[in-house]
Amino acid sequence: MSSQRPDISYTVPGMSTQESGQIISLLQMRLHSLNDLALTLKHVHWNVVGPHFIAVHEMIDPQVDQVRAMTDDLAERISTLGGEPNGTPGALVDERTWNDYSIGRAEAIEHLGALDLVYTSVIEDHREAMQATETSDPVTQDMLIEQLRGLELFQWFVRAHLESSGGKLSTHGATTETAAASQAADQARDQP
């Protein structure tokens, strides 16, 4: 991850360039995260198979569209604060702190199990960014809160496929995408 704060010469009224630089760095990582999420969702859209193919295939595209809109909002906020958003693939790969999505062509339930972990990670990091902007930039915080509303809704859509009637997630305790995919598939096979 890039630890350098951007060198900016202006920002929004009422905020120092130092504060803006900190927020820009934070938002840049959120931009990378959501660009990665959009690509991962498209990957799932293209590689999902099995009896629930069409339901998952069609559920994913609106999520892609909304996540892409979120990236645009993040990039525009970075520019508004006097920064330069970097949305190139090379910057994403160089600065990200996570690995590529690890599931290829797979049953719908396997992808959903893995996506649950992806959403958890994105949401946790988004919440940290939201909390970090509470005092210094409530405008950015408001934008992140709105994005969290959408991300949490999407995770709920995913989790509805993974939840038992007793309220337990098939991915409970999984720490890797592969393990979550396997656990989700195992529960699906055990259900009538």
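Our structure's up above, just so we're on the same page.
An account of the accompanying structure is given in this report. (Residues numbered from 1 in each chain as written. Predicted model: local features only at pLDDT ≥ 70, side-chain atom pairs only at ≥ 80, totals over all residues. Heavy atoms only, no water.)

**Concerning the pattern of salt bridges**
Reasoning step 1: With the rule as written, the count across this model stands at eight salt bridges.
Reasoning step 2: Between aspartate 100 and arginine 96 there is a salt bridge; the shortest N-O distance is 2.7 Å.
Reasoning step 3: On the basis of relative accessible area, arginine 96 is assigned to the buried category, the value being 17%.
Reasoning step 4: Several salt bridges share partner residues, and in doing so they unite Asp36, Arg96 and Asp100 into one network. (Salt bridge = Lys/Arg side-chain N within 4 Å of Asp/Glu carboxyl O. Buried < 20%, exposed > 50% of the residue type's maximum accessible area, 1.4 Å probe, protein only.)

**Points about helix α2 (residues 53-80)**
Reasoning step 1: With 28 residues, α2 should reach 40 Å at 1.5 Å per residue; the first-to-last C-alpha distance of 41 Å fits that figure.
Reasoning step 2: Every buried residue of α2 is listed here: Val56, Met59, Ile60, Gln63, Val64, Val67, Met70, Thr71, Leu74, Ala75, Arg77 and Ile78.
Reasoning step 3: Elements in contact with the buried residues of α2: α1 (17-47), β1 (48-49), α4 (108-132) and α5 (138-162).
Reasoning step 4: Two residues or fewer after α2 comes glycine 82, characterised by a positive phi angle close to 100°. (Helix = DSSP H or I, 4+ residues; strand = E, 2+ residues; numbered from the N terminus. Expected span 1.5 Å × (residues − 1). Contact = heavy atoms within 4.5 Å.)

**Things to note about the nonpolar core**
Reasoning step 1: Counting residues in hydrophobic clusters, the biggest one holds 47 residues, and the most contacted among them are Leu37 and Leu151.
Reasoning step 2: The biggest single contributor to this core is α4, with eleven residues.
Reasoning step 3: Setting aside its immediate chain neighbours within four residues, leucine 151 contacts Leu34, Leu37, Val67, Met70, Tyr119, Val122, Ile123 and His126. (Core = buried A, V, L, I, M, F, W, Y, C linked by side-chain atoms within 4.5 Å.)

**Here's the deal with a nonpolar patch on the surface**
Reasoning step 1: Together, Leu153, Trp156 and Phe157 make up an exposed nonpolar region whose accessible area comes to about 310 Å².
Reasoning step 2: Mapping leucine 153 onto the fold places it in helix α5. (Patch = residues over 30% accessible without salt bridge, like charges linked within 9 Å, V, L, I, M, F, W, Y side chains within 5 Å. Areas by Shrake-Rupley, 256 points an atom, 1.4 Å probe, with all protein chains shown as cover.)

**Re the packing of aromatic side chains**
Centre distance and the angle of the planes are the two values used to describe a pair of aromatic rings.
Reasoning step 1: Within this structure, the stated rule accounts for three aromatic pairs.
Reasoning step 2: Aromatic pair tryptophan 156 and phenylalanine 157: ring centres 5.6 Å apart, planes at 45°, arrangement tilted.
Reasoning step 3: Taking the relative accessible area as the measure of exposure, tryptophan 156 reaches 54% and is therefore exposed.
Reasoning step 4: When its relative accessible area of 31% is taken as the criterion, phenylalanine 157 is described as partly exposed.
Reasoning step 5: Within the aromatic cluster, the residues linked to one another by ring pairs are Tyr119, Phe154, Trp156 and Phe157. (Phe/Tyr/Trp six-rings, centres within 6.5 Å; stacked < 30°, edge-to-face > 60°.)

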